[in-house]
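# Results of the structural survey
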Amino acid sequence: MRKGFVVLLVGLLVISSVLMTTAGSTKAQEPKVLYTALLPGDVKIDPSLASDANSITMLNVLYVGLTGLHDETVAIEPGVATEWTVSDDGLVYTFTLAQGVSWVHYDAEAGEVVQVMDEAGAPLTLKAQDFVYGITRTLNPNTGSEYSSVLAPWVVNGQESLAGEAVELGVKALDDYTLEITSPQPAGFLPMLYGLWMARPQLQSVVEEFGDTWTEAANYVSYGPYALKSWEHDVEVTLIKNPFWAETMYIPQAKIDEINFIYLEEPAQLTAYEAGELDWIATVPLADLDRMRAERSDQLVIGPGQCTYYYGFNVLKDGVSNVHLRRALSMAVDRDVIVQILNAGQVPAGFFTLPALAAAPHQEDYPDLAIWSDAAKAQEEFQAYLADEGITADQVPQITLQHNTSQAHATLAQAIQQMWKDTLGLEVQITTQDFAVHQETMRFDAPQIWRLGWCFDYPDTHNFLYDVFRFVGPDSNNHTNWENPEFQALLDEAKTMTDNAARAELYAQAEHILVYEDAVMIPIYYYTSIDLTQPYVVRTYAQTGNERFEKWDLSE
Amino acid sequence: MSASEVVETQPAPASQVVSLRTVEKTRSPWMDAWRRLRRNRAALIGFVVISLNVLAAIFAPQIAPHSYTDQNYTALNSAPSWIIDLFPKMKPLGAEGGYVRVNDDYILGTDNLGRDLLTRIIYGARVSLSVAFIGPLVSLLVGTMFGMIAGYVGGRVDNIMMRIVDIMYAFPTLLLVILMMVFFRSSLNQSDPGTLAFRLNEIDSRTGGMIFIFIGIGLTSWMDTARLARGQVLSVRQKEYIEAANSIGADTPSIIFRHVLPNILGPIVVAESLAIPRYISFEAFLSFIGLGVNPPTPSWGSLIAEGSNAIISYPNQAIFPALALFFVMFAFNFLGDGLRDALDPRSSKEV
């Protein structure tokens, strides 16, 4: 009995001391991992093809642009271009690239990030030619880049190239570290635009060797502060610190070793966060917002957003081809109630452009800029629609509203469905699709009404009106099938000007056509950003919508 | 000689039938079953619960305290005091760490659009109970007909018909229904006016999305019944009264409907009543994954789906629709059990 007790005691001591030493030693070696989640909808980490916020955030740490935006001030700052000059006419931009930026690749067998070697066995570094290849690939119509239409007007021969003509693009490598981009027109935001993901360098040898599969983790190359460690489609993505990243004043070496993104629906994200499995989530389900305010007010940060939430019309479809019906639907949406339901400081939107952007028109200066909720006028417009078509209220064709699957979208859709029913007596059917399917549907056969949001890529009104609605077709961001020469002329004119006040004047007129005269979209509200972060995460709050993980850290 | 015997004996059964009829007046087999059913307490409770639900579904506009579409934006996600007392996690606004709006106008609280939960549960009974009655109906009509024809005609026809059933069986039912719902919802939506698909879609959107659920469930639920019916027919076909009917020259349809059908209906009714909970859960499942009824039509499945998104902050939004589903499924199970005991005296405890 006594002997047994002693043995037990000694055994316990040995076990506990072993446990303590192993715990101590592993702690020193254990990598710092940030666990976070993404809403379902697989990312596209091909710089030419990315178009959604998740992919862009990842690309910003995998591929650094020529220029970047400071995450908190949204001011332009150097990326991999150390400096740049503009010709006097504002057309020719010459970028000087940082030297010694290595292309890297995660070697799964060795378990570490390694440099990509050329045939001679020397490390391959980032060169101006990689930019020329990347931009050329984006502007090649066979690539199918959604953002090509954003870049094309700002590169000489860009639109011709996109139309399939064999032309010489206005992008040249003067030498290995000097890149020259020529624009057909000057614009104040060009340095920011040339820093966006669709204008980033790509390694020709890798893209051509692996084709569509070059973005798989086994083949992927990058050069930013993080590299791609693993990517299990629709399940999770892991980024790993790139030790070869040459620190700059603006982009430091990453402090967090790995970032793990797992795809989870909103409620599951919060559950995992509350269980301590996630360190940061960028979304909180509507139903839990009040509880989070009460229970975790120190971790919940609600800040200004970068996006506009809107419903678009496919003007080729039954019913909504008539402007009076579109206007009636837009006016019948009570935006004040919507933001009341959303309950996180969102701002009702009467027009499309975010008011905080450069050259954005403001309601105070242009009183009839926007379309606002007005039940009486909505009914008038509805009657005008019925008279126009010569039909009675029960002959209105079936109208379908489609949104991508999410509880918040479903809640809003049902609120708006009810508003339409109460104000206009119109029963609208709601359908849902997964985000990827929803995007494809909108590109090729958009339903009558569809939900989308638009977030700025660079803080200029041009990025809202021109980049979304100037062009039409599956390779543009405009899924309305609507074209208006007057609207397009206004945007084209604003594009040639550099004075922001004068541009705002033209944009105000364009907005009025977009949301009121032709009413091809229903602006609903301006987003806010909602973050829940565990107290041990040392972080910045990006006002650009794209978090800069290389500046984050985890404290003990 | 034998032929004349048959002719001579013909009137005798007729008189027997008459004498049997007098007995029937006092105790028919169905009356007997009803008597046995009434004695089964669990079945009776099930019957009462279902009746109450049917009444609630029919008179929903009269008994529901609110409209199921009315949104009260000042009472988003509210809960009455008794629920707040019931769930200690739900702290009322004003208390420390409190976040729930207290509103006693809504007996079970409201959802994230300020819609009355009780009203939506009452209206949700309409969908569930319609499925509970339409599902077996389709299954009975299609399945029984199919099985009876196969079983009675027999031979090569039987062989072909039952292989069709086998092929249908090979499909995973749930997957098939999901595929069909996706197909209905996405492609019929875009059909041209005037076509059958367009009409179907129109009826569907008028009924809040129920028609496609009926079709989906109907198309995948008749095979069981068909097999059962065929098996029953095979055993009944050899019986003397069928031979008798045959010998007096009754035609096949009248034999099937007047002699075979009444005698095989018992087991089929029992099987169908036991299958009802499956139909209900089927609908709830479809609505839960968003392929069922169209919003804003409430169904228990879609209510549970919406509630489950808020289950930590507002547990009442998921628990009450789930309880409604639970009770009705139990009630149908009890009633089905009772019916089996009542209609099949051999399994009854009394004998």
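Residues numbered from 1 in each chain as written. Chains lettered and ligands numbered in written order. Predicted model: local features only at pLDDT ≥ 70, side-chain atom pairs only at ≥ 80, totals over all residues. Heavy atoms only, no water.

### Let's talk about the domain arrangement of chain A
All names here are of chain A. Segmentation of chain A into domains returns domain 1 (33–266 + 534–554) and domain 2 (304–529). For domain 1 and domain 2, the distance between their C-alpha centres works out to 31 Å. Taken residue by residue, the interface counts 28 residues in domain 1 and 23 residues in domain 2. In this assembly, domain 1 packs against domain 2 so that about 2200 Å² is buried in total across both faces, 55% of it on carbon and sulfur atoms. Between domain 1 and domain 2 we count zero salt bridges in total. Counting across the interface, domain 1 meets domain 2 through four residue pairs in polar contact (both at pLDDT 80 or more). Broken down by secondary-structure element, the contributors of at least two residues to the side of domain 1 that touches domain 2 are helix H4 (148–151) and helix H6 (190–193). Broken down by element, the residue count for the side of domain 1 that touches domain 2 peaks at three residues, all from H4. (Domains from an automatic or database assignment. Contact = heavy atoms within 4.5 Å. Buried area = accessible area lost by both parts, 1.4 Å probe. Salt bridge = Lys/Arg side-chain N within 4 Å of Asp/Glu carboxyl O. Polar contact = N/O pair within 3.5 Å; in protein donor to acceptor, adjacent residues only side chain to side chain. Helix = DSSP H or I, 4+ residues; strand = E, 2+ residues; numbered from the N terminus.)

### Regarding the interface of chain B and chain A
The partner chain A presents 25 residues to the 27 residues of chain B that form the contact. Between chain B and chain A lies a buried interface of about 2500 Å² when both sides are counted; carbon and sulfur atoms form 46% of it. The three residues of chain B that bury the most area against chain A are Tyr73, Pro295 and Asn309 of chain B, which together make up 23% of that side's buried surface. Between chain B and chain A we count two salt bridges in total. Taking the shortest distance from any N to any O, the salt bridge between Asp290 of chain A and Arg101 of chain B comes out at 3.7 Å. Joining chain B to chain A, the criterion identifies eight residue pairs in polar contact (both at pLDDT 80 or more). Counted by class, the side of chain B that touches chain A contains nine nonpolar, 13 polar and five charged residues. (Nonpolar A, V, L, I, M, F, W, Y, C, P; charged D, E, K, R; others polar.)

### A closer look at the pairing of strand S1 (residues 33–38) of chain A
Residues and elements named next belong to chain A. Burial of S1 is extensive: five of the six residues sit out of reach of the surface. As defined by bridge partners, S1 adjoins strand S12 (residues 258–263) across six bridges and the pair is classed as parallel. From the neighbouring strand, Ala37 faces S12, where its bridge partner is Ile262. (Buried < 20%, exposed > 50% of the residue type's maximum accessible area, 1.4 Å probe, protein only. Pairing = 2+ DSSP bridges.)

### As for the environment of Val64 of chain A
All names here are of chain A. In this structure, Val64 sits in the loop between helix H2 (53–62) and strand S2 (67–69). The exposure class assigned to Val64 is buried, which follows from its relative accessible area of 5%. Taking the C-alpha atoms as reference points, Val64 and Gln185, 121 residues apart in sequence, are found 25 Å from one another. Setting aside chain neighbours within four positions, we find Val64 in contact with Leu59, Gly79, Val80, Arg200, Tyr223, Gly224, Pro225, Trp245 and Ile251.

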